[in-house]
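# Observations on the three-dimensional arrangement
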Amino acid sequence: MTTEPNGPSGGARTLAEELRARSDQALTTLLRLRPDLLAPVPTDLTQLAARLSSRASALRALERLDRFTLQVAEALAAAPDGSPVTVVRDLLAGPARVKPHPGAEPVDRAAVVAALPAALTALRDRALLWGPDSALRLVLAVREALAPSGSAPGGTGLGPTLAEATLGMSPARLQQLVAGAGLPGTPDPVTAVAALTGLLTDRKRCAALLAEVPPAALGVLDKLLWGPPTGTVPDAARPVTADEARSPVEWLLARGLLLPSGPSSVVLPRELALHLRGGRSHRAVEPAPPALDVHTQRDPQAVDSAAAGQAYTAVRTVEELLDLWGLQPPPTLRAGGLGVRDLKRTAQALECTEPQAAFWLELAYGAGLVAPDGESSDPSVRTGEVWAPTPAYDAWLQLPVAERWTELARGWLAATRVAGLVGGLDGKGKARAALGSELDRTLAPATRRAVLSLLAELPPGGVADAAALLPVQRWYRPLRGGATGPDGLELREHLTSWTLAEAELLGITGRGALAAPARALLAGDAPAPVLAPLLPQPLDHVILQPDLTAIAPGPLHTPLAQALALCAEIESKGGATVYRFTGESIRRALDAGRTAADLHAFLEQHSRTPVPQPLEYLIDDVARRHGVLRVGAASAYLRCDDSALLAEVLADRRTVELRLRLLAPTVLAAQAPPETVLTVLRTIGLAPAAESAEGDLVITRPDSYRTPPRTAPAPVADGPAAPDEVLLGAAVKAIRAGDRAATATRRETVAGPAAVRPEHGPARTDTRRLPRTAAADTLAALQTAVLLGERMWIGYINAEGLASQRVIDPVRVEGGFVTAFDHHAEAVRTFALHRITGVAELDEP
């Protein structure tokens, strides 16, 4: 821990002491904002301070800062450690009486002054900053991460200080710089650096020196002013005196206005850059987020209506997709995911683009409705692993449409999987597969929620595009942009565009504006009651046409839609769905066990118009021919009472692959499985039926395949989970108790390896080690403490072998156990005597 003075008085105060002075509420706030500190719970405040100083934890906390708070931290990192708040204010807004550089963007000084206290509070709450306003100190890891340098200028664009840039420079060269700057000689390198630094930080003397700079050299300084602060020149480290300087760069090098940062590079010292900038650490300071303007204003009712219609379409699309995959499960790639050809087939079946098909697949997968089934031993279904609906899909189908949509929307909002990545190239140059394992991005849920939350801030019906949303997102989380792709765009930019497109597909937005159900979803309320009245009411009828088509003028009840899809083909979709009856579709219904009478009754019941005569003839004709020709297993055989029909089949060239052979006038044998025979015969226009070994008709129902029970994929965690209030309260108590045990003043009870006796004063116990005493001495000390009511400090090793130190009030010692009040757990506990390493008394009972 740093023990640098935090004020002009020079009194040393560590970060642990700063934490010790905080209230329990302040510690709770810290642990809530930085949950990574609880893995596991620190034993005391010293350990908590050590974790706060770790680079990984500090960087994680910096990523959660808004732009202005980050700029405050960057200004502190550019200023000397222990600077007062006035220095930070002047670095951000510029000194009041100093003219800003023409290249600096205008800044609202009043807004900076008003926003600065809240930013400092945010840094203190996260323990990134400590100390009073008169001596502000960044945690060491934060200063190291944000301090500008030539290779990493950061958000300020500044370079190293003159002292840092001259580190390792020879004393002779430092004296040359002092002389070149017109300063008197100094006795040693330290005073030489101090003299040069004092020159550059004194506005009057520095201005006088800059007044002598040639215009060409001023142009060099201006190019490096706002960053990056480094430039490339040949032989930059060559010593150049003021008399020898010939070029603008040499003129600056000779006077310390530029300093060598490598064999062929120079850097602009931070002090000079701040002077030239007019004291500003940042070119543009943003004390408040940019305004989010409404791109277009829509009618809120039209928005809700359009979103509700798309929400219904989304539910039916997922239903159609999984019904298809239940009948024809696509195989899983060996590396996981879905093949390109299967994605194309799925897109064609859904009549959408491949990126949209990938979105529907990921939506269903995220909701736990589809999953790989694992290797199956049932050869009648398929061989190898396939993608198929899960049992959860059947339960989902039983829900009302509004609740089904709610499950899809909630899964999408929390998912880390990104459908927009499908088809893009991974690190190995291979295309990412839909449903593959490389689609998780931890930034996705936060970006989706941020985009929708910004849309929710607009008036109802307000539309904002990605170009308007991105600047606001960058202000709230400037360091959370994600990786930059080959196209030069951050991941956040892609995620914002994909979020807007997916929200429109899912019915979260309507015509670009956030809908009322989505506002309820973001607020944590149930969106189903808001969505249900907006949904189109399902119909229980269709309109039959003489051209063998049926028109559904709106969404149908699910059982009616499924039954209609069994006996007719979907020809077109939209506001009204068109179904076409064909001989193949009628045969499919007959194969599923329907009879001609069943089909006639079904159509009469659900048609608002009389059943057209052509449709009746089609049903009766297919039913009359259905099952006349029977196929069984030989490999396979064909049986038919019409020997002429068998002779026609035998002579047809299209049946050559079946290798048919006449066994009897009414029986043909085939050297192909029954499924192949049925497929070939149906291809040539016949209507065969399968029969069992007993000669009974086999009904081939299109039963949908299901995987074994599967759980939805868990989103990839973006750091530790947020702790609840119970855990936070328990953690603060444990840290406080451990800190009392670690910092309590103790005196030696029994001499042991942990005892430390200074030259003057009483013996003390080394708090870094557990007390060590003999077993008999431990027992005697604890029994005495029970009689006298004294408080003791003990070392204890639990059953898992973990060592800890406790402060206890012994109550009873018997049977090899000590019953005592444990101040660490704030409860009465029992300790085994053989697990106590030793004891020591406390100075204060």
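Further up the page is the structure itself.
Residues numbered from 1 in each chain as written. Predicted model: local features only at pLDDT ≥ 70, side-chain atom pairs only at ≥ 80, totals over all residues. Heavy atoms only, no water.

### As for the overall build of the protein chain
What the protein chain contains, in helices and strands, is 33 helices and 28 strands. Taken along its principal axes, the extent of the C-alpha atoms in the protein chain is 120 × 90 × 55 Å. Evaluated residue by residue, the protein chain yields a buried proportion of 46% over its 845 residues. A separation threshold of at least 6 residues defines the contact pool for the protein chain, and within that pool the share at least 24 residues apart is 65%. Total accessible area on the protein chain stands at roughly 39600 Å², and carbon and sulfur atoms take up 56% of it. (Helix = DSSP H or I, 4+ residues; strand = E, 2+ residues; numbered from the N terminus. Buried < 20%, exposed > 50% of the residue type's maximum accessible area, 1.4 Å probe, protein only. Contact = heavy atoms within 4.5 Å. Areas by Shrake-Rupley, 256 points an atom, 1.4 Å probe, with all protein chains shown as cover.)

### Overview of the environment of Glu-438
Inspection of the secondary structure assignment puts Glu-438 in the loop between α20 (401-414) and α21 (443-457). C-alpha separation for the pair Glu-438 and Leu-421, spaced 17 residues apart in sequence, amounts to 8.7 Å. With residues near it in sequence (within four places) discarded, Glu-438 still touches Leu-421, Asp-426 and Arg-432.

### Regarding the nonpolar core
By size, the foremost hydrophobic cluster in this structure holds 93 residues, and its most contacted members are Leu-31, Leu-48, Phe-68, Val-72, Leu-76, Leu-257 and Leu-258. With 8 residues, the top contributor of residues to this core is helix α5 (residues 67-78). Among all residues touching Phe-68, those that are not within four sequence positions of it are Leu-92, Val-112, Ala-115, Leu-116, Ala-119, Val-285, Glu-286, Pro-287 and Trp-475. The next biggest cluster of nonpolar side chains, apart from the first, holds 66 residues, and it includes Leu-321, Trp-405, Leu-408 and Ala-419. (Core = buried A, V, L, I, M, F, W, Y, C linked by side-chain atoms within 4.5 Å.)

### Considerations on the packing of aromatic side chains
Under the counting rule described, the total for this entry stands at 5 aromatic pairs. Seen in terms of ring centroids, Phe-359 and Trp-360 are 5.1 Å apart; in terms of plane orientation they differ by 55°. Their pairing is tilted. Using a relative accessible area of 4% as the deciding quantity, one classes Trp-360 as buried. Looking at Arg-255, its charged tip hangs above the ring of Trp-251, at a distance of 3.7 Å from the centre. A cation over a ring is seen here: Arg-404 above Trp-396, with NZ or CZ 5.2 Å from the ring centre. (Phe/Tyr/Trp six-rings, centres within 6.5 Å; stacked < 30°, edge-to-face > 60°. Lys NZ or Arg CZ within 6 Å of the ring centre and 35° of its normal.)

### Things to note about the pairing of strand β15 (residues 577-580)
Direction of pairing for strand β13 (residues 549-552) relative to β15: antiparallel, over a ladder of 4 bridges. Bridge pairing links Thr-549 to Arg-580 in β15. As defined by bridge partners, strand β14 (residues 569-572) adjoins β15 across 3 bridges and the pair is classed as antiparallel. Pairing of Glu-569 across the sheet is with Arg-580, part of β15. (Pairing = 2+ DSSP bridges.)

### Some details on the sheet that holds strand β4 (residues 259-262)
In space, the 3 strands of this open sheet follow the order β3-β5-β4, with antiparallel pairing throughout. Here the strands that pair on one side only, and so sit at the sheet edges, are β3 (230-232) and β4. Pairwise comparison of adjacent strand axes, ignoring direction, gives a mean angle of 40° for this sheet. (Axes fitted to C-alpha atoms, helices over the stretch in contact; angles between N-to-C directions.)

### Side note on empty space enclosed by the protein
In this approach the atoms are scanned with a rolling probe the size of a water molecule, which exposes any empty space left behind. Inspection of every chain in the model, using the stated rule, returns 4 cavities of 30 Å³ or more. Empty space within the largest cavity amounts to approximately 120 Å³. Lining of the largest cavity is provided by 14 residues; of these, Glu-362, Leu-363, Trp-412, Ala-415 and Arg-417 occupy positions nearest its centre. Among the elements of the structure, α18 (354-366) and α20 are those that each provide at least two residues to the lining of the largest cavity. For the lining of the largest cavity, a count of residues per class yields 7 nonpolar, 2 polar and 5 charged. (1 Å grid on protein atoms, 1.4 Å probe; cavity = no way out; pocket = protein on both sides within 12 Å on 5 of 7 lines; lining within 4 Å. Points joined across faces, edges and corners; volume = space filled by probe spheres on them. Nonpolar A, V, L, I, M, F, W, Y, C, P; charged D, E, K, R; others polar.)

### Section: the packing of helix α11 (residues 189-201) against helix α12 (residues 203-210)
Taken N-terminus to C-terminus, the directions of α11 and α12 make an angle of 90°; their axes are 5 Å apart at the nearest point. What the angle tells us is that α11 and α12 run roughly perpendicular. Contact with α11, carried on its side by Gly-198, Leu-199, Leu-200 and Thr-201, involves Arg-203, Arg-205, Cys-206 and Leu-209 of α12 and no other residues of that element. A breakdown of the residues in the contact of α11 with α12 according to their chemical character gives 4 nonpolar, 2 polar and 2 charged. (Parallel < 35°, antiparallel > 145°, perpendicular 65-115°, else oblique.)

### Points about the pattern of salt bridges
On inspection of all chains with the given rule, the structure shows 36 salt bridges. The salt bridge partner of Arg-417 is Asp-440, with a shortest N-O separation of 3.8 Å. Remark: Asp-440 occurs in the loop between α20 and α21 and Arg-417 occurs in the loop between α20 and α21; sequence separation between them is 23 residues. Using a relative accessible area of 12% as the deciding quantity, one classes Arg-417 as buried. Residue Asp-440 is classed as partly exposed on the basis of its relative accessible area, which comes to 25%. Notably, a salt bridge pairs Glu-493 with Arg-474, separated by 3.7 Å at the nearest N-O pair. One end of the pair, Glu-493, is in helix α23 (residues 491-506); the other, Arg-474, is in helix α22 (residues 466-476), and 19 residues separate them in sequence. Of the residues examined, Glu-493 reaches a relative accessible area of 17% and is grouped as buried. Through salt bridges with shared partners, a single network forms among Glu-63, Arg-64, Arg-480 and Asp-718. (Salt bridge = Lys/Arg side-chain N within 4 Å of Asp/Glu carboxyl O.)

### Let's talk about the layout of surface pockets
Of the voids in this model, the second largest pocket is the one considered here, and its volume is about 1000 Å³. If you go around the second largest pocket, you meet 36 residues; those closest to its centre are Arg-64, Ala-446, Arg-477, Arg-480 and Asp-718. Those elements that provide at least two residues to the lining of the second largest pocket are α2 (24-33), α4 (55-62), α21 and α22. Sorting elements by how many residues they give to the lining of the second largest pocket places α21 first, with 9 residues. Residues of the lining of the second largest pocket, tallied by class, amount to 18 nonpolar, 6 polar and 12 charged.

### Overview of the pairing of strand β19 (residues 667-670)
As defined by bridge partners, strand β17 (residues 636-639) adjoins β19 across 4 bridges and the pair is classed as antiparallel. Paired with Tyr-637 across the strands is Ala-669, a residue of β19. By the bridge criterion, 3 bridges tie strand β18 (residues 661-664) to β19 in an arrangement that is antiparallel. Within the sheet, the bridge partner assigned to Ala-664 lies in β19 and is Val-667. In this structure, the hairpin formed by β18 and β19 is closed by a connection of 2 residues.

### Concerning α18
The terminal C-alpha atoms of α18 lie 18 Å apart, and with 13 residues this matches the ideal 18 Å at 1.5 Å per residue to within 8%. Looking only at α18, the buried set comprises Ala-357, Ala-358, Phe-359, Trp-360, Leu-361, Glu-362, Leu-363, Ala-364 and Tyr-365. Lining the buried residues of α18 we find α16 (300-327), α17 (340-350), β7 (370-372), β8 (387-389), α20 and α23. Of the residues trailing α18, Gly-368 is marked for its positive phi of about 75°. (Expected span 1.5 Å × (residues − 1).)

### Here's the deal with helix α7 (residues 109-125)
The terminal C-alpha atoms of α7 lie 25 Å apart, and with 17 residues this matches the ideal 24 Å at 1.5 Å per residue to within 8%. Of all the bends in α7, the largest measures some 35° and sits at Leu-116, one to four residues before the proline Pro-117. Among all positions in α7, only Val-112, Ala-115, Leu-116, Ala-119, Leu-120, Ala-122 and Leu-123 are buried. Lining the buried residues of α7 we find α5, α6 (85-93) and β1 (129-130). Sitting at the head of α7, Asp-108 places a side-chain oxygen 3.2 Å from the backbone nitrogen of Ala-110. In the stretch just after α7, Ala-127 is the one whose phi turns positive, near 55°. (Bend = angle between axes of the 7 residues up to and from the residue. Polar contact = N/O pair within 3.5 Å; in protein donor to acceptor, adjacent residues only side chain to side chain.)

### A few points about unusual backbone geometry
A cis amide bond, omega -5°, links Gly-227 with the succeeding residue Pro-228. Looking at where Pro-228 falls in the secondary structure, it is placed in the loop between α13 (215-225) and β3. One non-glycine residue, Arg-659, adopts positive backbone phi at about 50°. Checked against the element boundaries, Arg-659 lands in the loop between α30 (643-651) and β18.

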